[in-house]
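Residue strings, one per chain:
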Amino acid sequence: MHAWPAPLVPSLPGQGPALSLHDTATGGVRLTAPGPIAQIYVCGITPYDATHMGHAATYVAFDLVQRVWLDAGHEVHYVQNITDVDDPLLARALETGDDWVALGDRETQLFREDMTALQVMPPRHYIGAVESIPAVIRYIHQLQAAGAVYDLEGDLYFRVNSDPGFGSIAGLTPERMIEIFAERGGDPDRAGKEHPLDCLLWLLERPGDPSWESPFGRGRPGWHIECSAIALDHLVAPIDVQGGGSDLAFPHHEMGAAEAQVATGTSPFARHYTHAAMVRLDGEKMSKSRGNLVFVSKLRAAGIDSAAVRLAILAHHYRVDWDWTSDGLGEAQSRLASWRLALQSTSPAPADHVLAEVRARLADDLDAPGALTAIDRWAEATHARASAPAASDEGSAVLIRDLANALLGVLI
Ligand code: 5CA
Ligand code: ZN
């Protein structure tokens, strides 16, 4: 699939520091240590509805990872999937009478437009589940060769315990794993499974469902193997970061990593498993299944500046759950107006230390709120000069504009 156009990223003087990032598996913040090429895989959308603020916040968080790495001098290989065939997409198409392909194409295109408006840098490879079926088949063969697969009435299951590391990412008790697996698309109670947590690799054709030819019979891939196969097909394990929202830590990332580790014999699959917090509306997780959604495209259609939407997201640390509110958007709009006014000042305050501060804040586990505060202070100092003009520092306004754009993706 094609991704979306890359925003222009201005170059900044010097180089940023190495990025420290939270890792769910170890429960702490650690330095990322990519080679010249940093490798990241971030789980993409299931395109049965438009991009909501929760999706936007997750992709903005990982966009910061890409921007900080680029600023630190790395080349970044970023891969993202589109779950363009899966139960929720097929169910929605059935409900609305849409063709499931047309529905997926339409929502994926809207997502591209939303990401473009939000200045999210595109992945280098943007890969659909359907187009990755040959890769899925290859990795299922590798899992079979490792003795990690069994057949249940034509469906193929992965033995999660064939990976000795299974369970070490989310760190849940067996009871919690089974509970959450059932809530998030799993089938712990299916009769005949060797272990309740074993997960589907290949689902034999069901009447009315789309299906593809394979050596295992006509059918379609399971969810977790889709992401493992796409990641392994375009990146080299171990990758630096596996990312997504916190709702993916278990079972998706746990099971996907186990599959990748058994298929390649390389462990870990990722050095960091990093998860963005959940965005809520009125205290409830924003989710397509609940329907409590604020769409990026609706805000755009209402004429809201996407830079303000991005600032409203960045005002929250990516690891703290938060509520989307119109007050929060209003604050972001005021902040943007204040920054824009300061940029037009005839005597902007000095800015060299702001670059160092924004870099330091972002490199410290993506402290975007701290980075915004550093620019706020510069804007306040500039506003204060308006009443008591000081020697002008014209280059500083250009530097602020460029660093807000390059590091935060905010077009002032
Ligand atoms: N296609 C799968 C991943 S392979 C999927 O989870 N799709 S999704 O459309 O449901 O979600 C896309 C991304 O947005 C995922 O990383 C998910 O964790 C994240 N996400 C979903 N809801 C929220 C929310 N309310 N807040 C923050 N992130 C969210
Ligand atoms: Zn995924």
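Look above for the structure.
Once a new chain begins, its residue numbering starts again from 1 and follows that chain's sequence as written. For this description, chains carry letters from A and ligands carry numbers from 1, given in the order in which they are written. A pLDDT threshold of at least 70 governs which residues receive local features in this predicted model, and a stricter bar of 80 or more applies before side-chain atom pairs are shown or counted, although totals over entire chains, interfaces and linings include all residues. Think of the side-chain values as coming from all heavy atoms in the structure, minus any hydrogens and water.

Draft legend 1. How the structure looks around the sheet that holds strand β8 (residues 199-204). One bridge is not enough; two strands pair if DSSP finds at least two bridges between them. Each helix is a run of H or I in the DSSP string that is no shorter than four residues. Each strand is a run of E no shorter than two, and both are numbered from the N terminus. A sheet is described by the order of its strands in space; here four strands give the open sequence β6-β7-β8-β9, paired in antiparallel fashion. Either end of the sheet is taken by a strand with one partner, and the two such strands are β6 (149-152) and β9 (219-221). With strand direction ignored, the average angle separating the axes of adjacent strands in the sheet is 25 degrees. As defined by bridge partners, β6 adjoins strand β7 (residues 155-158) across four bridges and the pair is classed as antiparallel. By the bridge assignment for β7, Y150 is matched with Y157. Strand contacts of helix α7 (residues 249-264): β7 and β8, with the helix running at about 90 degrees to β7, the strand carrying the most contacts. An axis is simply a line fitted to the C-alpha atoms; with a helix, the fit covers only the stretch in contact. Between two such axes, the angle follows the N-to-C directions and lies from 0 to 180 degrees. Whether two residues are in contact is decided by their heavy atoms, any of which lying within 4.5 Å being enough.

Draft legend 2. Highlighting the sheet that holds strand β14 (residues 322-323). Strand order in the open sheet made by the three strands is β13-β12-β14, with mixed pairing throughout. In this open sheet, the two edge strands, each paired with only one partner strand, are β13 (284-285) and β14.

Draft legend 3. Focus on the coordination of the zinc ion (ligand 2). Distances decide who is a donor: an N, O or S atom must be within 2.8 Å of the metal, or within 3.2 Å for Na, K and Ca. Water is not included, so sites may look incomplete. Donor atoms from the polypeptide that bind the zinc ion (ligand 2) are C43 (SG), C227 (SG) and H252 (NE2), placed at 2.1 to 2.2 Å. In this scheme the shape depends on donor count and angles: four donors with every angle between 85 and 135 degrees give tetrahedral, four or six donors with opposite pairs above 155 degrees and others between 65 and 115 give square planar or octahedral in turn, and any other case is irregular. Each of the four donor atoms bound to the zinc ion (ligand 2) contributes to angles spanning 102 to 119 degrees, and the resulting shape is tetrahedral. Within one chain, the residues donating to the zinc ion (ligand 2) are spaced in sequence as C-x183-C-x24-H. Highlighted residues: C43 in the loop between β3 (37-42) and α1 (53-71) and C227 in helix α6 (residues 223-234), separated in sequence by 184 residues. Each member of the pair, C43 as well as C227, carries the same accessibility label: buried. Under the scheme applied here, a residue whose accessible area is under 20% of the maximum for its type counts as buried, over 50% as exposed, and between as partly exposed, the area being computed with a 1.4 Å probe on protein chains only.

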